[in-house]
Amino acid sequence: MQIGVLALQGDFAAHERALRELGADVRQVRTPGELVLVDGLIIPGGESTTMLKLLLEDGMAEPLKAFAATRVIYGTCAGAILAARVVTSPAQFSFGFIDIDIERNAYGRQVDSSIRRLQPEQEFIDRTGPGKLEAIFIRAPIISRLGEGVRVLIQDEGTPVLVEQGNMLAGSFHPELTADRRVHQLFLDKVSKSTG
Ligand code: GLN
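Some words on the sheet that holds strand β6 (residues 100–103)
Strand order across the open sheet formed by three strands is β5-β6-β9, with mixed pairing between neighbours. Only two strands of the sheet have a single neighbouring strand rather than two, namely β5 (86–88) and β9 (142–146). Across the sheet, the mean angle from the axis of one strand to that of its neighbour is 20°, orientation sign disregarded. The sheet contact formed by β6 and β9 spans four bridges and is antiparallel. Pairing of I102 across the sheet is with I143, part of β9.

Notes on the packing of aromatic side chains
On inspection of all chains with the given rule, the structure shows four aromatic pairs. For the pair F93 and F95, a centre-to-centre distance of 5.2 Å together with 80° between the ring planes defines the contact as edge-to-face. A residue is classified by how much of its surface remains accessible, and F95, at 11% relative accessible area, is buried.

As for the environment of R85
Mapping R85 onto the fold places it in the loop between α5 (78–83) and β5. Placed 14 residues apart in sequence, R85 and D99 show a C-alpha to C-alpha distance of 5.5 Å. Those residues in contact with R85 that sit more than four places away from it in its chain are S94, G96, I98, D99, I100, D101 and R145.

What counts as what
- In every chain, residue numbers begin from 1 and rise along the written sequence.
- Given that this is a predicted model, residues contribute local features only at a pLDDT of at least 70 and side-chain atom pairs are listed and counted only at 80 or more, while totals for whole chains, interfaces and linings are drawn from all residues.
- Derived side-chain values reflect all non-hydrogen atoms in the structure, with water molecules and hydrogen atoms excluded from consideration.
- Here, strands pair whenever DSSP counts at least two bridges between them.
- A run of H or I in DSSP becomes a helix once it reaches four residues, and a run of E becomes a strand once it reaches two; helices and strands are each numbered from the N terminus.
- All axes here are fitted lines through C-alpha atoms, helices being fitted over the stretch that makes contact, and every angle between N-to-C directions spans 0 to 180 degrees.
- Stacked, tilted and edge-to-face pairs are distinguished by plane angle, under 30 degrees for stacked and over 60 for edge-to-face with tilted covering the rest, among Phe, Tyr and Trp rings (Trp via its six-membered ring) whose centres lie within 6.5 Å.
- Each residue is assigned to one of three classes by its accessible area relative to the maximum for its type, calculated with a 1.4 Å probe on protein chains only: buried under 20%, partly exposed between the two thresholds, exposed over 50%.
- The contact criterion used is simple: two residues touch if any of their non-hydrogen atoms lie within 4.5 Å.

See the structure below:
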């Protein structure tokens with residue numbers, strides 16, 4: 001099983017390290033040729049407008065759509081923005097891989113970045129292990145609408161921060177920047193199941 005981290009922009013290196021800690025075979029993905037080699041993909045945090053521009057310039061849009069139809073993708077922060085159905089504040093093209101709406105930079109200037117200790121939903125605990133999870137938010141988007149069949153795995157006072165639908169995972173925080181590896185483990189378990 002090969003795991004890819006989209007490495008056009010953003011904090012892909014930290015995701016790569018997190019996945020390696022869990023023993024995964026990881027490669028950076030920048031081209032359509034590299035994308036076809038992996039079984040699951042993380043789209044990292046960063047700056048979604050820049051990442052989108054690079055994706056389009058590098059001919060990655062159509063290959064990514066084809067990949068999403070059958071493979072597992074986990075979008076974090078800017079990655080979740082790209083994967084959402086509708087993006088606001090400001091509006092921007094997105095791929096609609098997961099049926100959520102997302103509001104960019106929604107936490108406002110004062111709480112631009114924060115660290116919160118969150119109690120995950122029971123389903124997340126059952127799949128990954130017990131205990132609260134430290135979540136780092138950096139100019140984070142807010143998941144503002146959940147479509148039918150989108151499940152909440154972690155929330156912060158009623159706001160979903162990690163959600164799942166089919167082969168898609170999307171989250172507004174940065175698990176690659178903390179030591180808790182449960183979110184990456186959950187992603188790897190999903191990829192492993194999807195490859196049989
Ligand atoms: N605010 C960024 C954007 O809109 C996302 C921030 C992040 O990925 N940490 O692209």
